[in-house]
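Commentary on secondary and tertiary structure
Each chain, written out:
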Amino acid sequence: MGKKKLTEQQKKQQRRKKQARRRRRRKILIFVELVILLVLGVGVYAASKWDLLNVNPIDRENVMMNEEVAGNKELKAYTNIALFGIDSRDESLGDGNRSDTIMVASINNKTKEIKMVSVYRDTYLLIPKEDSTYDKTNLGYFYGGPELAINELNRNLDLDITDYVSVNFSALIDTIDALGGIDIEITEKECFYINGYMTETAVITGKEKVELYESGLVHLNGMQATAFCRIRYVPTVNGANDDYGRTERQRVVISKIAEKAKEADLATLNKVVDEVLPNISTSLTAGEILGLLSGIAKYELVDSAGFPFEKVGMGMGSKGDCVVPVDLEYNVEELHRFLFGAEDYTVSGVVKEISDRIIEVSGQKHTKVETDGVN
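A brief look at the structure comes next. Keep in mind the model is a prediction, meaning the values are calculated, not measured.

Scanning the chain from terminus to terminus reveals 12 helices and 13 strands. Burial statistics for the chain: of 375 residues in total, 49% are counted as buried. Sequence-distant contacts, at least 24 apart, represent 72% of the contacts inside the chain between residues at least 6 apart. In the form shown here, the chain has an accessible surface area of approximately 18300 Å², with 50% of it arising from carbon and sulfur atoms.

The pairing of strand β5 (residues 124-127) with strand β6 (residues 133-136) spans 4 bridges and is classified as antiparallel. Across the sheet, the residue bridging to L126 is Y134, located in β6. The antiparallel pairing of β5 with β6 creates a hairpin that spans 5 residues between the two strands.

Its location among the elements puts A261 in helix α8 (residues 242-263). Note on A261: relative accessible area 2%, which makes it buried. Each C-alpha atom, one on A261 and one on V272, is 9.0 Å from the other, the two residues being 11 residues apart in sequence.

Before going further, it helps to examine the side chain of S355. As for its position among the elements, S355 is in helix α12 (residues 349-362). Polar side-chain contacts of S355 include one of 3.0 Å to the backbone nitrogen of E329. Those residues within four positions of S355 in sequence are excluded, and the remaining contacts are D327, L328 and E329.

Attention shifts here to the packing of aromatic side chains. Going through the model one piece at a time under the given rule, you end up with 7 aromatic pairs. Summarising the aromatic geometry, the rings of Y78 and F340 are spaced 4.9 Å apart at their centres and angled 65° between planes, so their arrangement reads as edge-to-face. Taken together, the positions of Y78 in strand β2 (residues 78-87) and F340 in helix α11 (residues 328-340) put the pair 262 residues apart, joining distant regions of the chain. The residues Y78 and F340 share a single accessibility class, namely buried.

With that settled, consider the nonpolar core. It is characteristic of soluble globular proteins that their nonpolar side chains tend to be buried jointly. One finds F84, L153, L157, F307, L328, V332 and I358 to be the most contacted residues of the largest nonpolar core, which totals 40 residues. Looking at this core element by element, the count peaks at 6 residues for α11. In this structure, I184, I186, I194 and I257 belong to the second largest nonpolar core, which totals 34 residues.

Take the packing of helix α5 (residues 171-178) against helix α9 (residues 266-276) next. Their axes nearest at 9 Å, the elements α5 and α9 cross at an angle of 170°. When the axis of α5 is compared with that of α9, the two are roughly antiparallel. Mapping the contact onto sequence places A171, D174, T175 and A178 in α5 and T268, K271, V272, E275 and V276 in α9. Class assignment for the residues of the contact of α5 with α9 results in 4 nonpolar, 2 polar and 3 charged.

Below, the discussion takes up the pairing of strand β12 (residues 311-315). Here β12 pairs with strand β13 (residues 321-325) via 5 bridges, running antiparallel. Across the sheet, residue V312 finds its bridge partner in β13, namely V324. Where β12 folds back onto β13 in an antiparallel hairpin, the turn is made up of 5 residues, including G317, whose phi is positive at roughly 60°.

To continue, consider the pattern of salt bridges. Per the stated rule, a full pass over the model turns up 13 salt bridges. D174 is the partner of K207 in a salt bridge, and the nearest nitrogen-oxygen pair spans 2.9 Å. Of this pair, K207 sits in the loop between α6 (188-205) and β9 (216-220) while D174 is found in helix α5, placing the two residues 33 residues apart along the sequence. On the basis of relative accessible area, K207 is assigned to the partly exposed category, the value being 31%.

Analysis parameters
- Residues numbered from 1 in each chain as written.
- Predicted model: local features only at pLDDT ≥ 70, side-chain atom pairs only at ≥ 80, totals over all residues.
- Heavy atoms only, no water.
- Helix = DSSP H or I, 4+ residues; strand = E, 2+ residues; numbered from the N terminus.
- Buried < 20%, exposed > 50% of the residue type's maximum accessible area, 1.4 Å probe, protein only.
- Contact = heavy atoms within 4.5 Å.
- Areas by Shrake-Rupley, 256 points an atom, 1.4 Å probe, with all protein chains shown as cover.
- Pairing = 2+ DSSP bridges.
- Polar contact = N/O pair within 3.5 Å; in protein donor to acceptor, adjacent residues only side chain to side chain.
- Phe/Tyr/Trp six-rings, centres within 6.5 Å; stacked < 30°, edge-to-face > 60°.
- Core = buried A, V, L, I, M, F, W, Y, C linked by side-chain atoms within 4.5 Å.
- Axes fitted to C-alpha atoms, helices over the stretch in contact; angles between N-to-C directions.
- Parallel < 35°, antiparallel > 145°, perpendicular 65-115°, else oblique.
- Nonpolar A, V, L, I, M, F, W, Y, C, P; charged D, E, K, R; others polar.
- Salt bridge = Lys/Arg side-chain N within 4 Å of Asp/Glu carboxyl O.

If you want it as structure tokens, here you go:
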């Protein structure tokens, strides 16, 4: 049977997707460069700095993995680490906080290639706590901290994550101020919302709020830039809205921080590190981190993406507006193809069961359509 030809509209959509993937790849690459800069700064002052890091190991006996995943030899060739950006109101990094950013970094142990996937925080998935429920992904961290959040990723996505890194977004304020602020293009509506979000942020952090009265290319201090990261109710300059828009703004801020960090001297970087490390919690020890960094020259970020790949925004009753996978089984197959090159991946029985349940309550099921090979 011949392949269906794409319409002009479908071709345009695919071109836009390719352009978006290229933008995401560059923004994530900039983020990795920033982390490298900060880690190198830590290396210079290692003797006095590692004690600032909050090391909180995960009890491996409590880590959930689907049976088919635990015995998957292909996955053993990769190191998968969960990355969480925490919306903390009291500078804590454990449960009781929602994870505004959820990412999976997958490292090919042989080639040192890195792929990263952002899981949209409002994605409707199973939260595998004692009274298992379906809800927005970021509630996993809220109910059970990094341990439950890891189990949520493993159960829903057929992964084998055992380690995490969590960062408190309140550290953005001091980091940006230490670098002297950043320049960002903002709209009039974004300016209005920055002032609104700063009111709450000032109460939470006890830091001074400086009102904004201009749009265009504006120099933002740490408080203003952090408020910019939180906006979700107006479109970005690129037209992204809701959670997608907030994620885009966060990446813009990260890229601007990276640009300033590249130009900073060691004294400034040292000041940044002093602000950042106390706001990081990880299951990795200093020795394990240094072990990963020993081959840093060989690491290469080759691609990044958002999950779910196919999705729809819709109301899910009492859970509110969610990002619903269309459907989870298909999206997990695509995830394993993207991260691990698994062309014919078959999801576990657990993922199939979760997928069927989401289809039942949402009515959203994926229908595969053959294309002419355009990606």
